[in-house]
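Listed here are the chains, written in short residue letters.
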Amino acid sequence: MATEEERDGVRLTSLDSPLGDGLEVTKRDLVDHLDAFADRLLPLLAERPLTIKRVRPGAAPFIQRDVPKGAPEWVRTVPTWSDRARREVHQVLCDDRRTLLWLANQRAVEYHVPFSRVGEEQPTGLVLDLDPPDGADFAVVVQAARLARQALTGSGLSGAVKTSGSTGLHVVVPVHGSSPEDVAAATRALAARTERLDPAVATTAYVLTERGDRVFVDSTRSGRGTIAAAYSPRVRPGLPVSAPVGWDALDDVRPGDVTVRTAAERFEDADPWAAALPEPQLLPDDLVAEGHTIPIARVQAMHEGRRRAARARAAEGGE
């Protein structure tokens, strides 16, 4: 088998070399998976500024928003402001197979997208990201997902669920007609309603030490945040894939069940994510209003951290 190939005019190199340290797959495994799922993955990426996570043998994985150096002229980009870099960057728009193949050849493993398309302010969805405590049985994440679904139903909404590709689950709700701020507020309210259904299982506590053995219902990715696209691999041993799950099949799911080596056999030509997603929904006014009374988790945690530091300094000064 040749270690180099050309597909759709894209030269693919070192295909049979290890993809990255400790990942237990080759570069070919990544390329073949992304190519096999291009028809299902591209509609989720199209017209959305892309954030990727890349790997290199001998180096730590790294997040990249700016277009990789040496990009062909046909790779489309869009200028965006990076708060972290404090400058304008040019994010890739992955709208076609050859761009996806070129990114795969750059060892781009993870594909994260915002909820808004280029030129559109209104988000197309929201997500409740269910993050289990370290060492927890996956059954507790399934419990939290069912609580989230109950909160959605009680709010007149419906959603679809997929594995995060890591240790948790994503509950995704297609929406329309709301600003990023209102979508973020509604997500906070849904997280709070999920927690209230069973606070022994679910928590909205942003600070890790305050969560205990409960599942964190993370509302911070909605609005102007990003989400790992369905069918995107994740940088973990074996390259597990963010995989759609039927609500009635949650009890049979385990993290890492679907990988870049098994996804094509599992799903064949089907697109269960597209089939599972409901039509975009209008957010209820009461949900949005409730959310605007709930502090933004990151901001609240930052202020609380500063208050604790100030109290600690004051205590030291008094000794």
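Numbering of residues begins from 1 in every chain and follows the order in which that chain's sequence is written. In keeping with the predicted nature of the model, local features appear solely for residues at pLDDT of at least 70, side-chain atom pairs appear and are counted solely at 80 or more, and the whole-chain, interface and lining totals rest on all residues. Hydrogens and water are ignored here; the side-chain numbers use all heavy atoms of the structure.

> Would you take a moment to explain the overall build of the protein chain for this structure?
In this description a helix means any DSSP run of H or I spanning at least four residues, a strand means any run of E spanning at least two, and both kinds are numbered starting from the N terminus. Looking only at helices and strands, the protein chain features 9 helices and 14 strands. For 319 residues, the compact-globule estimate of 2.2 N^0.38 gives 20 Å, and the protein chain sits close to it at 20 Å. If you line up the protein chain on its principal axes, its C-alpha atoms span 65 × 50 × 40 Å. Across the 319 residues of the protein chain, 50% fall into the buried class. Contacts are residue-level and defined by heavy atoms, with any inter-residue pair within 4.5 Å sufficient. Contacts in the protein chain between residues at least 24 apart in sequence constitute 70% of all its contacts with a sequence separation of at least 6. Radius of gyration: C-alpha atoms only; globule rule: 2.2 Å multiplied by the number of residues to the exponent 0.38. Relative accessible area decides the class of each residue, using a 1.4 Å probe on protein chains only: under 20% of the type maximum gives buried, over 50% gives exposed, and in between gives partly exposed.

> What should I look at first to understand the pairing of strand β3 (residues 51-56) in this one?
The side chains of a regular strand alternate, first on one face of the sheet and then on the other. Two strands are said to pair when DSSP picks up at least two bridges between them. Relative to strand β7 (residues 108-114), β3 runs antiparallel, the two sharing 4 bridges. Across the sheet, the residue bridging to I52 is Y111, located in β7. Alignment of β3 against strand β4 (residues 59-64), held across 4 bridges, turns out to be antiparallel. Note that in β4 the partner of I52 across the bridge is Q64.

> Just to check I follow, could you spell out empty space enclosed by the protein for this structure?
Buried and open spaces are told apart on a 1 Å grid over the protein atoms alone, a cavity being a set of points where a 1.4 Å probe fits but cannot get out and a pocket being an open set with protein on both sides within 12 Å along at least five of seven lines. Residues with an atom within 4 Å of a point are the lining residues. Grid points are joined across faces, edges and corners, and a volume is the space filled by probe spheres set on the points. Across all of its chains, the model carries 1 cavity of 30 Å³ or more by this definition. Taken as a whole, the largest cavity holds about 30 Å³ of empty space. Put simply, Ala, Val, Leu, Ile, Met, Phe, Trp, Tyr, Cys and Pro go in the nonpolar bin, Asp, Glu, Lys and Arg in the charged bin, and everything else, Gly too, in the polar bin. Of the residues in the lining of the largest cavity, the class split is 6 nonpolar, 1 polar and 2 charged.

> I would appreciate a short explanation of the sheet that holds β4 in the present structure.
Within a sheet, adjacent strands bond to each other through the backbone by hydrogen bonds, running parallel or antiparallel. Spatially, β4-β3-β7-β13 is the arrangement adopted by the 4 strands of the open sheet, whose pairing is antiparallel. With partners counted over all chains shown, the strands left at the sheet margins are β4 and β13 (226-228), one partner each. Ignoring strand direction, the axes of neighbouring strands in this sheet form an average angle of 25 degrees. Axes, fitted as lines to C-alpha atoms, cover a helix only where it is in contact. Angles between the N-to-C directions of the axes lie from 0 to 180 degrees.

> Before we go on, may I ask you to explain the packing of aromatic side chains in this structure?
Aromatic rings in a pair are described by how distant their centres are and how their planes are angled relative to each other. Working definition: a ring pair exists when centres of Phe, Tyr or Trp rings (six-membered ring for Trp) sit within 6.5 Å. Plane angles under 30 degrees give stacked, over 60 give edge-to-face, the rest tilted. Under the criterion given, the structure shown has 4 aromatic pairs. Ring geometry for F37 against F267: centres 6.3 Å apart, planes inclined by 90 degrees, an arrangement best described as edge-to-face. One end of the pair, F37, is in the loop between α1 (27-36) and α2 (38-45); the other, F267, is in helix α6 (residues 263-267), with 230 residues separating them in the sequence. Classification of F37 as buried rests on a relative accessible area of 1%. Here the aromatic rings of Y231 and F267 are separated by 6.0 Å at their centres, their planes lie at 80 degrees, and the arrangement is edge-to-face. Within this pair, whereas Y231 is found in the loop between β13 and β14 (244-245), its partner F267 is found in helix α6, the two being separated by 36 residues in sequence. An aromatic cluster of at least three residues, connected via ring pairs, comprises F37, Y231 and F267. By the criterion adopted, a ring carries a charge over it if an Arg CZ or a Lys NZ lies within 6 Å of its centre and within 35 degrees of its normal. Stacked on the ring of F216, the Lys or Arg R211 has its end atom at 3.8 Å from the ring centre.

> I keep staring at the packing of helix α4 (residues 138-154) against helix α5 (residues 180-197) and nothing clicks. Help me out?
If you want to describe how two helices pack, look at the angle between their axes and the distance between the axes. Packing of α4 against α5 brings their axes to within 8 Å, and their N-to-C directions diverge by 120 degrees. Between α4 and α5 lies a crossing of right-handed hand. Contact residues: A144, L147, A148, Q150, A151 and L152 in α4; L190, R193, T194 and L197 in α5. Two helices crossing with the near one rotated counterclockwise from the far one by less than a right angle form a left-handed crossing, whereas a clockwise rotation gives a right-handed crossing.

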